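Letter by letter, the chains look like this.
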Amino acid sequence: MLTVRSHQFDPALVILDKDGTLIAFDHLWKRWFALVLDHLGGAIDVRGPHRDQIAATLGCDPETGAWDPRGPLTIASTSELTVLLAGLLYAHQGMSWEDAISRVRTAERKARAALPLEDLVEPVGNVAARLTGWRAEGMRLAVATTDERDLTMRSLACVGLQGFFDAVVCGDDGIPLKPAPDMVLQICERLSIPPAETVVIGDTAADLAMAREAGTMAAIGVLSGAGTREDLARYTDLIVPDIHHVEIVATPRGGY
């Protein structure tokens, strides 16, 4: 059984977001952004106002480096980010659409390949111990992320989490993305567990909206990632600092 403040839940399945919930968000994605700009810089001017414009389009404050919790980098898939960046090149760099999107795809692919994941990927505390406890209580676990599958699996492996999950759905799996309910519904269908017996935990409003639309037992917001309390409170009053504040109560399944 899970306890969040005064609320208790006995789910058969817990679905977790990846970045900001299981894995720290800032280091990885700020480095990704810098590498994308480096690889684009061989063909276009990404200094000064151009760099600021690219950052703002992805939802980054150029002065503070803070990411908008409701912005594209926090929520969008890589393919959506690619289109946004290519649109800037088309509009402001005088490129054809074919050239713009080709250059961005190449830069993004090189950036991912160059990411030193072992140095950048950090779990949000002792995540493995927390997941081990949940599994010991008979809960099945899954991940729903808008990140691409290759980087998702590599990142989970870097922090020893790859063996914990019964299902992982990613942004390039061809499933409608958060806040649509489809990722949750797809996982529930695969594992033959209804949404009403499922809890979703995430750090953005999109995670929690997805859970609400899917009709899950509960949506739990964590403040360990991009989302603010104000953003998350639009969809749930179950908000905690991180997944380690979702407590385990050893109770026989179905009992209270």
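As shown above, the structure is provided for reference.
Residues numbered from 1 in each chain as written. Predicted model: local features only at pLDDT ≥ 70, side-chain atom pairs only at ≥ 80, totals over all residues. Heavy atoms only, no water.

Here we take up the pattern of salt bridges. Side chains that carry opposite charge are capable of pairing whenever their charged atoms lie near each other. According to the stated counting rule, one finds 11 salt bridges in the structure shown. The residue Asp17 makes a salt bridge to Lys178 at a minimum N-O spacing of 2.8 Å. Placement of the pair is Asp17 in the loop between strand E3 (13-16) and helix H1 (26-40) and Lys178 in the loop between strand E5 (167-169) and helix H9 (182-191), with a sequence separation of 161 residues. In this pair, the class of Asp17 matches that of Lys178, namely buried. (Salt bridge = Lys/Arg side-chain N within 4 Å of Asp/Glu carboxyl O. Helix = DSSP H or I, 4+ residues; strand = E, 2+ residues; numbered from the N terminus. Buried < 20%, exposed > 50% of the residue type's maximum accessible area, 1.4 Å probe, protein only.)

What follows is about the pairing of strand E4 (residues 140-144). The element E4 is largely enclosed, with a buried count of four among its five residues. Examined bridge by bridge, E3 and E4 share four bridges and lie parallel to one another. Across the sheet, the residue bridging to Leu13 is Arg140, located in E4. Bridge analysis of E4 against E5 gives three bridges, and the strand direction is parallel. Looking across to E5, one finds that Ala144 is bridged to Val169. Crossover handedness for the path E4 to helix H8 (residues 149-158) to E5: right-handed. (Pairing = 2+ DSSP bridges. Right-handed = clockwise from strand over helix to strand, strands pointing away.)

Our next topic: a nonpolar patch on the surface. Among the surface-exposed residues, Val83, Tyr90 and Trp97 lie close enough to one another that they form a single nonpolar patch of about 310 Å² accessible area. Mapped onto the fold, Val83 is located in helix H4 (residues 78-92). (Patch = residues over 30% accessible without salt bridge, like charges linked within 9 Å, V, L, I, M, F, W, Y side chains within 5 Å. Areas by Shrake-Rupley, 256 points an atom, 1.4 Å probe, with all protein chains shown as cover.)

Structurally, the position occupied by Leu84 is in helix H4. On the accessibility criterion, Leu84 (34% relative accessible area) is partly exposed. Along the sequence, Leu84 and Ile101 sit 17 residues apart, while their C-alpha atoms lie 9.3 Å from each other. Apart from residues lying up to four places away in sequence, Leu84 is in contact with Thr57 and Pro72. (Contact = heavy atoms within 4.5 Å.)

Here we take up the packing of H4 against helix H5 (residues 97-114). Contact geometry of H4 with H5 gives a least axis separation of 8 Å together with a crossing angle of 130 degrees. By the angle between their axes, H4 is oblique relative to H5. Classified by chirality, the crossing of H5 by H4 is right-handed. Taking contact as the criterion, the partners of Thr78, Thr82, Val83, Leu85, Ala86, Gly87, Leu89 and Tyr90 in H4 are, on H5, Trp97, Ala100, Ile101, Val104, Arg105, Glu108 and Arg112. Class assignment of the residues belonging to the contact of H4 with H5 gives a composition of nine nonpolar, three polar and three charged. (Axes fitted to C-alpha atoms, helices over the stretch in contact; angles between N-to-C directions. Parallel < 35°, antiparallel > 145°, perpendicular 65-115°, else oblique. Left-handed = near helix turned anticlockwise from the far one by under 90°. Nonpolar A, V, L, I, M, F, W, Y, C, P; charged D, E, K, R; others polar.)

Judged by pairing direction, the sheet is antiparallel, and its three strands sit side by side in the order E2-E1-E9 without closing on themselves. Strands at the two margins of the open sheet, each flanked by one partner only, are strand E2 (7-9) and strand E9 (247-248). Pairing of strand E1 (residues 2-4) with E2, which is carried by three bridges, proceeds in the antiparallel orientation. Residue pairing across strands places Leu2 opposite Phe9, the latter belonging to E2.

With parallel pairing, the six strands of this open sheet are ordered in space as E5-E4-E3-E6-E7-E8. Looking along the sheet, the strands with just one partner apiece sit at the ends: E5 and strand E8 (239-240). In the sheet, strand E7 (residues 218-222) pairs with E8 via two bridges, with the strands oriented parallel. Across the sheet, the residue bridging to Gly221 is Ile239, located in E8. Contacting E4, strand E6 (198-202) and E7, helix H10 (residues 205-214) crosses the sheet at an angle of about 165 degrees to E6.

This part is about the environment of Gln8. Summarising the element assignment, Gln8 is placed in strand E2. Residue Gln8 is classed as partly exposed on the basis of its relative accessible area of 40%. Distance in space between the C-alpha atoms of Gln8 and Val249 is 8.8 Å, their sequence separation being 241 residues.

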